[in-house]
Amino acid sequence: MSRMKSVFTVILCFMFLTPSGFVRAQQTLDSLIISLDQAIEIALEESNSIKVANLTIEKSGYAKKGSYAALYPNISASGSYQRTIKKQVMAMDFGGQAMEIEVGQWNNVNAGISASMPLINAQLWQSLKLSALDVELAVEQARSSKISMISQVKQAYYAVLLAQQVNAVYKDVYENAAKNLEHTEHLYNAGKTSEYEYLRAQVNVKNAEPSLYSSTMAIDLAIWQLKAVMGIDLNAKIGVEGNIEQYKNDMMTYQMSDVNLENNTTLAQLNLQNMQLERTIKMTKYQYIPTLAASFSYNYIAMGNDFKFKWNPYSVAGLSLNIPIFDGFSKRNNIRQYKATQDILQLNIEDTERNLRIAFKNYENQIATYMKNYAAAESTLTMAQRSYDIAERMYELGKATLLELNDAQLALVQAQLTMSQAVYNFMVTKAAMEELAGNE
């Protein structure tokens, strides 16, 4: 319930930020009308995939900070207490006479503090740079999730607009069929048309009902899919503003451009992985370099048969030098393994870039086809509308049959649906191209 309230809070904020938002909310008591930009903003706020991506960035940041801890002194305190159960006995020979002496005290206490710090450790420095690349990769993965989410919301939003447009077309078909039936019924009752024409008009109405019903259900399904992509409650009542025809100018004025994959998130992630492998190879090579560390400890020791201790301090400071000599060729084989992995990754990068360019070209070809389909349907629509108007008038005058009127309407519907489908296909393909290009 709290999730539902947060969603509607975001939507209401958007409405108050726009001049017409409050009026629109008053006019739609059953649902809230949102724009495409609002749908995207809500999705970026509510989507679990975006939340996971942001948490991954946060987790990587903590891991990076944790790796820097190795550069600071490692300080620790320790303490121990031992109670002697049986003292050790030492046998000694004094002038030919054996003597046994108990050694130690009943109570032993040790407490102190120690510190260590790396002075020279090239491998450690490279690992810190590797942690920084992990954060960059997490950020790029989050950007990829955001870009993908925007594309999904756009496509779902356009699907709702297309479903509404198709429903409007089939609603007109049903209303025309009902009007023709009423007119045919008057003619039939007056004995001016045949029973065949009357029955055919009734069939036309019945045939129009399933298409109208299916297109109405398609709107509900498209809105459900939009809500699912946005990450909001499926029971929330929302609607979308605008219509598919408003994107006609975007299609007709669209200009083809050169392929630009600089911001493509897939290539960016692969390049970051390549940089990680390069850094890993350097880090492994630096394992051949000696390491130097400093250490210091300060301790107190107390021993006694009772608890009246006398504390005796002692301290130690030193340097530790580690020179690698031979490890059974482990580091060399690891370096070769990483280089082979890097070569494989480089080939994958080349293949990925090639496939992305092919996909980009395919999208451009599709857009060109949709533009031509729209232009052809647009030129046909005027003639189809004129043809239908003439056929309808002639039918009312009894100079045309219902079959001729149906043929004219079929041509009109086909032109209308072709135009709407072309615009929808263009906008969906354009959204896919923007996702491919890495545009947010």
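Draft legend 1. Structural detail: the overall build of the protein. Counting secondary structure elements, the protein contains ten helices and eight strands. Here the C-alpha radius of gyration of the protein, 40 Å, is well above what a compact globule of 440 residues would show, namely 22 Å. In the structure as shown, the protein presents an accessible area of about 26200 Å², 55% of it carried by carbon and sulfur atoms. Across the protein, the 39 positively charged side chains and the 43 negatively charged ones have centroids separated by 10 Å.

Draft legend 2. Region of the structure containing the pairing of strand β3 (residues 88-94). With seven bridges joining them, β3 and strand β4 (residues 97-103) adopt antiparallel strand pairing. When the sheet's bridge partners are listed, Asp93 is paired in β4 with Ala98. Connecting the antiparallel pair β3 and β4 is a turn made up of two residues, with Gly95 showing a positive phi of about 60°.

Draft legend 3. Spatial organisation of the nonpolar core. In this structure, Val153, Tyr157, Tyr158, Leu226, Met230 and Tyr247 are the most contacted members of the largest nonpolar core, which totals 54 residues. Where this core is concerned, the elements lending two or more residues are α3 (36-46), α5 (122-189), α6 (195-230), β6 (238-240), α8 (265-285), α9 (330-396) and α10 (402-437). By size, the runner-up hydrophobic cluster in this structure holds 13 residues, among which are Ala201, Ala384, Leu402 and Ala408.

Draft legend 4. Region of the structure containing the packing of α3 against α5. Running from amino to carboxyl end, α3 crosses α5 at an angle of 135°, the nearest separation of the two axes being 10 Å. Compared by their axis directions, α3 and α5 come out oblique. For the crossing formed where α3 meets α5, the hand is right-handed. Each of Leu36, Ala39, Ile40, Ala43 and Leu44 in α3 lies in contact with α5, whose residues at this interface are Lys146, Met149, Ile150, Val153, Lys154, Tyr157 and Tyr158. Residue classes in the contact of α3 with α5 are distributed as ten nonpolar, no polar and two charged.

Draft legend 5. Focus on a nonpolar patch on the surface. Nonpolar side chains collect at one region of the surface, where Ile75, Ile113, Phe296, Tyr298, Tyr300 and Trp311 lie side by side and expose about 580 Å² of accessible area between them. In this fold, Phe296 is placed in strand β7 (residues 291-304). Taking relative accessible area as the criterion, Phe296 reaches 42% and is therefore assigned partly exposed.

Draft legend 6. Molecular detail of the sheet that holds strand β2 (residues 74-83). Spatially, the four strands line up as an open sheet ordered β2-β5-β7-β8, and their pairing is antiparallel. Unpaired on one side and paired on the other, β2 and β8 (312-322) mark the two borders of the sheet. Between one strand axis and the next, the sheet turns through 15° on average, direction left out of account. Both β7 and β8 contribute to a ladder of eleven bridges, which runs antiparallel. Within β8, the residue paired with Asn299 across the bridge is Tyr314.

Draft legend 7. Geometry of the pattern of salt bridges. Counting across every chain of the model gives seven salt bridges. Residue Lys331 pairs with Asp327 through a salt bridge whose shortest N-O separation is 2.7 Å. Note on Asp327: relative accessible area 32%, which makes it partly exposed. For Arg354, the salt bridge goes to Asp351, with nearest N and O atoms at 2.8 Å. Residue Arg354 and its partner Asp351 are located together in helix α9, separated by three residues, close to a single helical turn. Taking the relative accessible area as the measure of exposure, Arg354 reaches 46% and is therefore partly exposed.

Draft legend 8. Layout of the environment of Ile40. Mapped onto the fold, Ile40 is located in helix α3. Taking C-alpha positions, Ile40 is 11 Å from Glu440, a pair spaced 400 residues apart along the chain. When residues no more than four places from it in sequence are discounted, the contact partners of Ile40 are Ile150, Val153 and Lys154.

Draft legend 9. Just α5, in detail. Counted at 1.5 Å a residue, the expected span for α5 with its 68 residues is 100 Å, and the 100 Å between its end C-alpha atoms agrees. Phi for Gly191, located one or two positions after α5, is positive at around 75°.

Draft legend 10. Spotlight on unusual backbone geometry. The phi angle at Phe329 is positive, at roughly 65°, despite the residue not being glycine. Position of Phe329 among the secondary structure elements: in the loop between β8 and α9. We classify Phe329 as partly exposed; its relative accessible area is 43%.

Draft legend 11. Spatial organisation of the packing of α5 against α9. Contact geometry of α5 with α9 gives a least axis separation of 11 Å together with a crossing angle of 20°. Classified by the angle their axes make, α5 and α9 are roughly parallel. Two packed elements cross with a definite hand, and for α5 against α9 that hand is left-handed. Along its contact with α5, which presents Asn176, Lys179, Asn180, His183 and Thr184, the element α9 presents Tyr388, Glu392, Tyr395 and Glu396. Here the residues of the contact of α5 with α9 are counted per class, giving two nonpolar, four polar and three charged.

Draft legend 12. Layout of the packing of aromatic side chains. Inspection of the entire model under this criterion finds six aromatic pairs. Between Tyr188 and Tyr198, the ring centres sit 4.8 Å apart and the planes meet at 10°, which makes this aromatic pair stacked. With Tyr188 in helix α5 and Tyr198 in helix α6, this residue pair connects regions lying ten residues apart in the sequence. Since its relative accessible area comes to 30%, Tyr188 is described here as partly exposed.

Draft legend 13. Structural detail: the pairing of strand β5 (residues 107-120). As judged from the ten bridges shared by β2 and β5, these two strands associate in the antiparallel manner. Each bridged residue has a counterpart across the sheet, and for Gln82 the counterpart in β5 is Asn108.

Draft legend 14. Summary view of the confidence of the model for the protein. Of all residues in the protein, 93% have pLDDT values of 70 or greater, and the mean over the chain is 86. pLDDT under 50 marks residues 1-29. Its contacts with residues more than four places away, or in other chains, come to 34 contacts.

Rules and cut-offs
- Residues numbered from 1 in each chain as written.
- Predicted model: local features only at pLDDT ≥ 70, side-chain atom pairs only at ≥ 80, totals over all residues.
- Heavy atoms only, no water.
- Helix = DSSP H or I, 4+ residues; strand = E, 2+ residues; numbered from the N terminus.
- Rg over C-alpha atoms; globule rule 2.2 N^0.38 Å.
- Areas by Shrake-Rupley, 256 points an atom, 1.4 Å probe, with all protein chains shown as cover.
- Lys, Arg positive; Asp, Glu negative; His and termini not counted.
- Charge placed at Lys NZ, Arg CZ, Asp CG, Glu CD.
- Pairing = 2+ DSSP bridges.
- Core = buried A, V, L, I, M, F, W, Y, C linked by side-chain atoms within 4.5 Å.
- Buried < 20%, exposed > 50% of the residue type's maximum accessible area, 1.4 Å probe, protein only.
- Axes fitted to C-alpha atoms, helices over the stretch in contact; angles between N-to-C directions.
- Parallel < 35°, antiparallel > 145°, perpendicular 65-115°, else oblique.
- Left-handed = near helix turned anticlockwise from the far one by under 90°.
- Contact = heavy atoms within 4.5 Å.
- Nonpolar A, V, L, I, M, F, W, Y, C, P; charged D, E, K, R; others polar.
- Patch = residues over 30% accessible without salt bridge, like charges linked within 9 Å, V, L, I, M, F, W, Y side chains within 5 Å.
- Salt bridge = Lys/Arg side-chain N within 4 Å of Asp/Glu carboxyl O.
- Expected span 1.5 Å × (residues − 1).
- Phe/Tyr/Trp six-rings, centres within 6.5 Å; stacked < 30°, edge-to-face > 60°.
- pLDDT = per-residue confidence, 0-100.

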